[in-house]
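# Summary of structural features
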Amino acid sequence: MADGAANDALVAPAGAVAELPDNTTTNELTGQLTLAFGGARPRLSGALSVAALDLRPFLASGQGAPEKALDSAALQRQVPPLRDLVPLDVDVDLSVGRWLGLPVDLRDAKFDLHADANGVRVPTSATMASARFSGRLDLDTAAPTPTLALRFAAKDAALGDLARELHGATEIDGKLGHIELLLGGRGETLDSLVSDLELSLKAANTHLSYGKLTDARPIVITVDTLDLALRRGQRLRGNARGTLLGEPVKLSLRGGTLPEMLRESATPIEFEIAAAPAKLRVEGTLEGTLARPDATRETALSFFFEARRTGDLARWLSVAPASKLPLALRGRARIATDAWYLEQTRLKLGRSELTIDAKRTRVGDRPITVASVRSPLIDVPELATLRASTS
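Note that the structure is predicted; figures quoted are calculated from it, not measured.

### Quick look at the overall build of the protein chain
A tally of regular secondary structure across the protein chain gives six helices and 20 strands. Of all 391 residues assigned to the protein chain, the portion counted as buried reaches 30%. Within the protein chain, contacts between residues at least 6 apart in sequence are counted, and of these 43% link residues at least 24 apart. Of the accessible surface of the protein chain, which amounts to about 22,900 Å², a share of 57% is contributed by carbon and sulfur atoms.

Set out below in structure tokens:
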């Protein structure tokens, strides 16, 4: 309770200020809130905690609901100008012990909510898949134009734990040394703020191993540096350096602008992976938007892969290191929710050529794969030189 505000304050148990589902064993707030009216602005202070927040009833209630596209104009009408977003001062500590219903184990989340006439500040921290994450949200409404800054970072995150919880993958192991996400923008309204947003993502010192090659070695990938940037009005750009099975690799990436990714039904994307022995280039479009990831229907890509000597791929593939056959692969792929298609895909290996069209769909509960393979020439003696020695 604020000093001198005893006659103008309302104090209530936390459970009295929130409507809880019937399952109060998990979704139960404890703590105390004080709402004081003695100053220039009302002031809400206190501390709340939830031992376990079960999101499953809320997530289930949204299933089967009619799909609605993101209507920024309707959202703009519902959200007040950013300077008026919080009409009272706030000083509340919120902690959530465990989050139930998420695809990953999230626990020990803390939010320190602070708001006044100058804006909003929310330091946060949480443990996700045994790794500690921290972040901070700042909305400065005292600036000439309201300014948003969001930071999210983690160190030494175990990738194996995260992969097992998200996908049940048991053969993935590794560590994410450092990752930092920055998001910022300016605007008087939510719509103008979103249009002004800039984003950057940096990661470093990452080591990942998964699966096994034919000689029982795991596939090992390292990422020394990863840098993604989405500047105001520009397309997403990124680059990375690391190794694949010990071979130095560089990656470059380009995507759409933020408005395209938020609002357009199709977002362009292209990336290139280059190593000393080979190069892979992929470009195409991703259907759906960041605002409606559930609406994704199909990804259409064209790809090109080349290697001057297949023997240079021996570290990655089970081929003879001495093989001098050139390799080129190009084609198109479409990936839908429940099917994929490979179209006009041409493989040229030395003098041999193959053209492949294939699709994998479902008939009832059964996956069905149909493929056609055509070739004007297959040079069997030449292809035999690809075979790696087993001695």
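Past the structure itself, the notes keep going.
### Side note on the nonpolar core
Ranked by internal contacts, the top residues of the largest apolar core, which has 28 residues, are W99 and L258. Elements with a minimum of two residues in this core: β2 (29-36), β3 (43-54), β4 (89-100), β5 (106-116), β6 (119-128), β11 (219-230) and α5 (258-263). When residues of this core are assigned to their parent elements, the largest contribution, four residues, is made by β4. In this view, W99 contacts L53, L55, L106, R107, A109 and F111; residues no more than four positions away in its chain are not counted.

### What about the environment of T310?
Structurally, T310 is set in the loop between β16 (298-307) and β17 (327-336). Along the backbone, T310 and L325 are 15 residues apart, and their C-alpha atoms lie at a distance of 5.6 Å.

### As for the packing of aromatic side chains
Counted under the stated rule, the structure contains two aromatic pairs. Summarising the aromatic geometry, the rings of W99 and F111 are spaced 6.5 Å apart at their centres and angled 70° between planes, so their arrangement reads as edge-to-face. Placement of W99 in strand β4 and of F111 in strand β5 is noted, with a sequence separation of twelve residues between them. With a relative accessible area of 17%, W99 lands in the buried category. Taking 5.3 Å as the distance between ring centres and 20° as the angle between the ring planes, the aromatic pair formed by F133 and F152 counts as stacked. Of this pair, F133 sits in strand β7 (residues 131-140) while F152 sits in strand β8 (residues 147-158), and the two are 19 residues apart along the sequence.

### So, the pattern of salt bridges
In this structure the tally under the stated criterion is 24 salt bridges. With a closest N to O distance of 3.1 Å, R83 and E188 form a salt bridge. Placement of R83 in the loop between α2 (72-78) and β4 and of E188 in the loop between β9 (173-186) and α4 (190-196) is noted, with a sequence separation of 105 residues between them. Linking R309 and D312 is a salt bridge whose minimum nitrogen-to-oxygen distance equals 2.6 Å. The class of R309 is partly exposed, set by a relative accessible area of 26%. Shared partners join several salt bridges into a network, and the residues in it are E270, E272, R281 and E283.

### With respect to the environment of W316
Structurally, the position occupied by W316 is in the loop between β16 and β17. The sequence separation of W316 and G246 amounts to 70 residues, and the corresponding C-alpha distance is 9.4 Å.

### A few points about the side chain of D196
By the element assignment, D196 lies in helix α4. Look past the residues within four positions of D196 in its chain and what remains in contact with it is G184, G185, R186 and R232.

### Quick word on the confidence of the model for the protein chain
Residues at a pLDDT of 70 or more form 83% of the protein chain, whose mean pLDDT is 83. Segment residues 1-24 is flagged for pLDDT under 50; beyond a separation of four residues in sequence, or across chains, it makes 36 contacts in the model. Note that residues 65-70 has pLDDT below 50 and, in this model, seven contacts with residues that lie over four places away or in other chains.

### Notes on the side chain of T257
Position of T257 relative to the elements: it lies in the loop between β13 (247-254) and α5. Given a relative accessible area of 17%, T257 falls into the buried group. Discounting chain neighbours no more than four positions away, the residues touching T257 are L230, G233, Q234 and R235.

### Thoughts on the environment of L386
Mapped onto the fold, L386 is located in the segment after α6 (380-384). Classification of L386 by relative accessible area gives buried; the value is 14%. Spatially, the C-alpha atom of L386 lies 9.7 Å from that of A314, the residues being 72 residues apart in sequence. Discounting chain neighbours no more than four positions away, the residues touching L386 are T310, S318, V319, A320, S323, L325 and L349.

### Here we look at the pairing of strand β15 (residues 278-287)
As defined by bridge partners, strand β14 (residues 266-275) adjoins β15 across nine bridges and the pair is classed as antiparallel. From the neighbouring strand, F271 faces β15, where its bridge partner is V282. The turn linking β14 back onto β15 is made up of two residues.

### Some points on unusual backbone geometry
One can expect most non-glycine residues to show negative phi and most peptide bonds to be in trans. One non-glycine residue, D156, adopts positive backbone phi at about 50°. Inspection of the secondary structure puts D156 in strand β8. A positive phi angle, near 45°, is found at Q344, a position not held by glycine. You can see Q344 is positioned in strand β18 (residues 340-349).

### Points about the pairing of β2
Bridge count for β2 against β3 is eight bridges, and the pairing is antiparallel. Along β3, the bridge assignment pairs T30 with S49.

The rules we used
Residues numbered from 1 in each chain as written. Predicted model: local features only at pLDDT ≥ 70, side-chain atom pairs only at ≥ 80, totals over all residues. Heavy atoms only, no water. Helix = DSSP H or I, 4+ residues; strand = E, 2+ residues; numbered from the N terminus. Buried < 20%, exposed > 50% of the residue type's maximum accessible area, 1.4 Å probe, protein only. Contact = heavy atoms within 4.5 Å. Areas by Shrake-Rupley, 256 points an atom, 1.4 Å probe, with all protein chains shown as cover. Core = buried A, V, L, I, M, F, W, Y, C linked by side-chain atoms within 4.5 Å. Phe/Tyr/Trp six-rings, centres within 6.5 Å; stacked < 30°, edge-to-face > 60°. Salt bridge = Lys/Arg side-chain N within 4 Å of Asp/Glu carboxyl O. pLDDT = per-residue confidence, 0-100. Pairing = 2+ DSSP bridges.

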